[in-house]
Amino acid sequence: MQGINGLDFQGKRVLTRVDFNVPQHSNGAIADDSRMRAHLKTLEAILSQNGRPVVMAHLGRPKGEKNPKFTLAPVAEHLGKLLKTKVHFAKDCVGEDVVAQSKALAPGEVLLLENVRFYAEETAGQEAFAEKLAEAGDIYVNDAFGAAHRAHASTAVIAQYFKNARYLGLVMEAEIQNVNKILQGGFKPVCAVVGGAKVSSKIGVLKNLLPKVNDLIIGGGMAFTFLKAQGASVGDSLVEEDYLETALQLQKAAEQAGVGLHLPADVVAADRFANDAQTKIVSAQEVPAGWMGLDAGPEARKAAAAVIRASKAILWNGPLGVFEMPAFAKGTEFLATEIAQATREGSFSLVGGGDSVAAVKSLGKAEEMSYVSTGGGAMLEFLEGKSLPGISAIEGEL
Ligand code: AMP
């Protein structure tokens, strides 16, 4: 892996792509700076290795327009506080002034460029734009794991202009190393808990994980497509009719590979999709008509816990229920507590891919996991076994 550890950047301008796409309050104030904090170690390493960081990032979806609502100016100010150094802000991300500012950057200081998505050329991955961006650096570091599944100008296309001077940042390295701990073996037994709404959005993950795990626990809404395919009555639970056959095939593949595929034995059923709905615990095989399964039941939770406790490595992607509604968050909360306990007892745990990260954070359990991924969509594609443009651009032929 082409990481930055141990390199001496000798006063060079290190053009660093980060993921500073922070949630904001309506007045523009930063609501959660954890994405910024994640990149501090990379920026501090570049500074301590005598580099001058020129930072590129995007914020929101300005759709190629210079919309002040999406300015990175408040992020620059906050970054200065986090890094305890002067962070200059460039009002653009390309052009003569930006290049001049990058060249004027004093040692120990940082330059943050304005939102790269103020140009439609960014998401289009236009080469001419990438080449202009490249003028602000002598070395390119990609640390934006959260955007690594996009072949955008600043995340992938730009790498070609730094043929012998492109590296993965420390966040990227950590993400790759931690996922590979699960995907490339080393731990036995390994289990994956895959939940969330739909089989269709997780089928790639399930297929890729199957040969790499000993147990696969399926939860959330997607479990009902599997259950229905087996002949269960699932009432009004979420089902993807188009995926019944796929579910059966996956189940067969698991049997052949000797992988334990675990479906919930019981569920918390509700008479409406609402937090204040009437609820009852029912067998997952017999959800009554007019009722829908919205969370894992007590038997299902116990069975999942037994598998987790017996595993040396646990990958978790997707909630076990509609965790956004407190009435149906208990299965997910229980799961987080069990994985945290297994982690304390020495197992390796990784939480990644969209909503499970949100769930683990909202439950205050993020610190108790071995690793929580910074990338939603990017992690999902990584777990699907796809090569991510932001990584392959760095690791391509020099
Ligand atoms: P995903 O982004 O695919 O991981 O899906 C997460 C979404 O799945 C969350 O918004 C949950 O509310 C939803 N979800 C989880 N379990 C269920 C369920 N039993 N029925 C409907 N939606 C669910």
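Residues numbered from 1 in each chain as written. Predicted model: local features only at pLDDT ≥ 70, side-chain atom pairs only at ≥ 80, totals over all residues. Heavy atoms only, no water.

### Points about the packing of aromatic side chains
(1) Moving on: Enumeration over the complete set of coordinates arrives at five aromatic pairs.
(2) Moving on: Geometrically, the ring pair formed by Tyr 119 and Phe 129 is tilted, given 5.1 Å between the ring centres and 35° between the ring planes. Of this pair, Tyr 119 sits in the loop between β4 (110-113) and α4 (120-124) while Phe 129 is found in helix α5 (residues 127-134), placing the two residues ten residues apart along the sequence. For the pair Tyr 119 and Phe 129, a shared accessibility class is recorded, and that class is buried. (Phe/Tyr/Trp six-rings, centres within 6.5 Å; stacked < 30°, edge-to-face > 60°. Helix = DSSP H or I, 4+ residues; strand = E, 2+ residues; numbered from the N terminus. Buried < 20%, exposed > 50% of the residue type's maximum accessible area, 1.4 Å probe, protein only.)

### A look at the pairing of strand β8 (residues 215-218)
When a strand is regular, its side chains alternate between the sheet's two faces.
(1) Moving on: Across the two faces of β8 the burial is the same, with Asp 215 and Ile 217 and Leu 216 and Ile 218 all buried.
(2) Moving on: Note: strand β7 (residues 190-194) against β8, four bridges, orientation parallel. By the bridge assignment, Val 193 is partnered in β8 with Ile 217.
(3) Moving on: As for the winding sense of the linkage, the β-α-β connection from β7 through helix α7 (residues 199-209) to β8 is right-handed.
(4) Moving on: Sheet analysis places β8 next to strand β9 (residues 260-262), joined by three bridges and oriented parallel. Each residue of the ladder has a partner; that of Asp 215, found in β9, is Gly 260. (Pairing = 2+ DSSP bridges. Right-handed = clockwise from strand over helix to strand, strands pointing away.)

### Observations regarding the domain arrangement of the chain
(1) Moving on: The domain architecture assigned to the chain consists of domain 1 (13-168) and domain 2 (175-383).
(2) Moving on: Placing the centre of domain 1 and that of domain 2 at their C-alpha centroids yields a distance of 35 Å.
(3) Moving on: Taken together, the nine residues of domain 1 in the interface contact eleven residues of domain 2.
(4) Moving on: Carbon and sulfur atoms supply 71% of the area that domain 1 and domain 2 bury against each other, a total of about 670 Å² over both sides.
(5) Moving on: Run the count over domain 1 and domain 2 and you get zero salt bridges.
(6) Moving on: The interface formed by domain 1 and domain 2 contains zero residue pairs in polar contact (both at pLDDT 80 or more).
(7) Moving on: For the side of domain 1 that touches domain 2, the element with the most residues is helix α1 (residues 34-48), which contributes three residues. (Domains from an automatic or database assignment. Contact = heavy atoms within 4.5 Å. Buried area = accessible area lost by both parts, 1.4 Å probe. Salt bridge = Lys/Arg side-chain N within 4 Å of Asp/Glu carboxyl O. Polar contact = N/O pair within 3.5 Å; in protein donor to acceptor, adjacent residues only side chain to side chain.)

### Looking at the site of the ligand
(1) Moving on: Around the ligand, the structure places 15 residues, and the nearest of them are Ala 197, Lys 202, Gly 293, Glu 324 and Asp 355.
(2) Moving on: Here an oxygen atom of the ligand sits 3.0 Å away from a polar atom, N or O, in the main chain of Ala 197.
(3) Moving on: The protein chains hide 82% of the 500 Å² of surface that the ligand would expose on its own.
(4) Moving on: Using a 2 Å cut-off from the grid points, one finds that the ligand occupies the second largest pocket.
(5) Moving on: Elements with a minimum of two residues in the shell around the ligand: α7 and β12 (292-296).
(6) Moving on: Considering only residue class, the shell around the ligand consists of five nonpolar, seven polar and three charged. (Near = heavy atom within 4 Å. Areas by Shrake-Rupley, 256 points an atom, 1.4 Å probe, with all protein chains shown as cover. 1 Å grid on protein atoms, 1.4 Å probe; cavity = no way out; pocket = protein on both sides within 12 Å on 5 of 7 lines; lining within 4 Å. Sits in = over half its atoms within 2 Å of the grid points. Nonpolar A, V, L, I, M, F, W, Y, C, P; charged D, E, K, R; others polar.)

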